[in-house]
Amino acid sequence: MSEISGQKALITGGLGFFGSGLSERLSQKGALCRIFDISENIEDLGSIEFIRGDICNFRDIKKACSSIDVIYHNVAQVPLAKDISKFNQVNVEGTRNVLQAALDCGVKKFVYTSSSAIFGVPEKNPVDENNIPNPGEAYGLAKYKGELICKEFQEKGLDVTIVRPRTIIGHGRLGIFQVLFEWISEGNNVPVLGDGSNIYQFIHSDDLADACIAAGNKSGSATLNCGAEKYGTMKEVLEALCEHAKTGSKVVNVPMNLAILGMNITSRLGLSPLGPYHSLMYGKSMYFDISKAKLELNWNPKYSNSQMFIEAYDWYLENREYLEKNNDGNKSPHRSPIKQGVLKIVKWII
């Protein structure tokens, strides 16, 4: 019998890319799951309860927190959405609402899914839990403010664990990754900034779900960095994917400064799906020291960078036709195909 069997779990953002996978994994382990989400795109949830509401409405979220043991908080306005005005509204004040509701309702444990974006471009790698956050753009700043509010509520007696994941990928992850997969499936070349030697760590959604579940089952507040154990350079992971696809795609180097300038300009003009975080980090090294999470959670990530990219790519090819027919625009940005904009032109140049 699972040690979380019978646990009453609330997953905010449970219809999003990561939240949906976490909900499914919790349910498989015997937890009694309730999803809270603003989306109307409700799929077959089986035995999982669904409450539709807005995280910015305290009444909505307090109702969802009733009789809950553990909250897994995943609602976030993500960089891909580009609505900077909502970063503070959703990621900061929305997080405060959930924490207050959890405290009022006597929730035993709160797990906050943060982001590695709180560190911006780190001065040194690997990044551990003692590194001082230094967000480089609006999304990272909002997620860091969310962490600070979590610490306020720790002092009020709420048991809160902050989990910071590296960039999440896995089956079902679309958004910017869908552009990459589409390019490779068509045999187009894939760019890396500079020589592509920047070391970049990702994390598989299943590995992250396991870390969050372990955190939800462990008493005592903590802050934990999570990422893959096996990873390498950006160029290496993309070359491995091109080799797997066998479509003729190659990884090509593009000048760093020129590419960043172009990314920023086209993003501001609304011509590209890329946002400030992508131009800030794509050509930079970023990887976590995950030893604390492994020790405290008895957690061991299974997927390497290459494995998770290949799995996500194969899933996309198998489901592409279905995704195109069912793209109603109501899913979260990370679960939706996106318009490539000016990138449609770029792919023929490189």
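Here the structure is a predicted model, which is why all the values come from computation and not from measurement.

Chemist: Would you mind showing me how to read the sheet that holds strand 6 (residues 160–165) here?
Modeler: Either a parallel or an antiparallel arrangement is found when strands of a sheet pair, and the pairing is made through backbone hydrogen bonds. Read across the open sheet, the 7 strands follow the order 3-2-1-4-5-6-11; overall the sheet is parallel. On the outer flanks of this sheet lie strand 3 (49–52) and strand 11 (222–226), each paired with one strand and no other. The average angle at which neighbouring strand axes cross in this sheet is 20 degrees, direction not considered. In this sheet, strand 6 lies alongside strand 5 (residues 109–113) in parallel orientation, the contact comprising 4 bridges. Within strand 6, the position partnered with Tyr-112 by the bridge is Ile-162. Docked against the sheet, helix 3 (residues 85–104) engages strand 1 (8–12), strand 4 (70–73), strand 5 and strand 6, running at close to 170 degrees with respect to strand 5. Contacts from helix 6 (residues 205–216) reach strand 4, strand 5, strand 6 and strand 11 within the one sheet, and its direction differs from that of strand 5 by about 155 degrees.

Chemist: What should I look at first to understand the pattern of salt bridges in this one?
Modeler: Pairing is possible between side chains that carry opposite charge, provided their charged atoms lie close to one another. Inspection of the entire model under this criterion finds 13 salt bridges. Note that Glu-93 is salt-bridged to Arg-96, the shortest N-O span being 3.6 Å. Highlighted residues: Glu-93 and Arg-96, both in helix 3, separated by 3 residues, approximately one helical turn. The partner of Lys-294 in a salt bridge is Glu-229, with the nearest N and O atoms 2.4 Å apart. Placement of Lys-294 in helix 10 (residues 291–297) and of Glu-229 in the loop between strand 11 and strand 12 (232–233) is noted, with a sequence separation of 65 residues between them. Residue Lys-294 is classed as partly exposed on the basis of its relative accessible area of 24%. On the basis of relative accessibility, which here comes to 41%, the residue Glu-229 falls in the partly exposed class. Among the charged side chains, a salt-bridge network with shared partners connects Arg-25, Asp-206, Asp-210 and Lys-302.

Chemist: Would you mind showing me how to read the packing of aromatic side chains here?
Modeler: For any pair of aromatic rings, geometry is given as the distance between the ring centres together with the angle between the planes. Per the counting criterion, the structure on display carries 10 aromatic pairs. Between Phe-177 and Phe-181, the aromatic rings sit 6.4 Å apart at their centres with planes inclined by 35 degrees, giving tilted as the arrangement. Here Phe-177 pairs with Phe-181, and both are found in helix 5 (residues 176–185), just 4 residues apart, close to one helical turn. Here Phe-177 matches Phe-181 in class, with each residue buried. Each member of the aromatic cluster is reached from another via a ring pair, and the members are Phe-177, Phe-181, Tyr-200, Phe-202, Phe-309, Tyr-313 and Tyr-316. Across from the ring centre of Phe-153, 4.3 Å away, lies the NZ or CZ of Lys-156, which sits over that ring. The cationic tip of Arg-166 hangs over the ring face of Tyr-200; the distance from NZ or CZ to the ring centre is 4.6 Å.

Chemist: Please clarify how helix 6 should be interpreted in this entry.
Modeler: Two residues of an α-helix separated by three or four positions point the same way, owing to the 3.6 residues in each turn. In this model, helix 6 (12 residues) spans 16 Å end to end at C-alpha, consistent with the 16 Å of a helix rising 1.5 Å per residue. Along helix 6, 11 of the 12 residues are buried, which leaves the element largely enclosed by surrounding structure. Inspection of helix 6 places Ser-205, Asp-206, Asp-207, Leu-208, Ala-209, Asp-210, Ala-211, Cys-212, Ile-213, Ala-215 and Gly-216 among the buried residues, and these make up the whole buried set.

Calculation notes
Residues numbered from 1 in each chain as written. Predicted model: local features only at pLDDT ≥ 70, side-chain atom pairs only at ≥ 80, totals over all residues. Heavy atoms only, no water. Pairing = 2+ DSSP bridges. Helix = DSSP H or I, 4+ residues; strand = E, 2+ residues; numbered from the N terminus. Axes fitted to C-alpha atoms, helices over the stretch in contact; angles between N-to-C directions. Contact = heavy atoms within 4.5 Å. Salt bridge = Lys/Arg side-chain N within 4 Å of Asp/Glu carboxyl O. Buried < 20%, exposed > 50% of the residue type's maximum accessible area, 1.4 Å probe, protein only. Phe/Tyr/Trp six-rings, centres within 6.5 Å; stacked < 30°, edge-to-face > 60°. Lys NZ or Arg CZ within 6 Å of the ring centre and 35° of its normal. Expected span 1.5 Å × (residues − 1).

Note that every value here comes from positions in space, so none of it alone points to a role or purpose.
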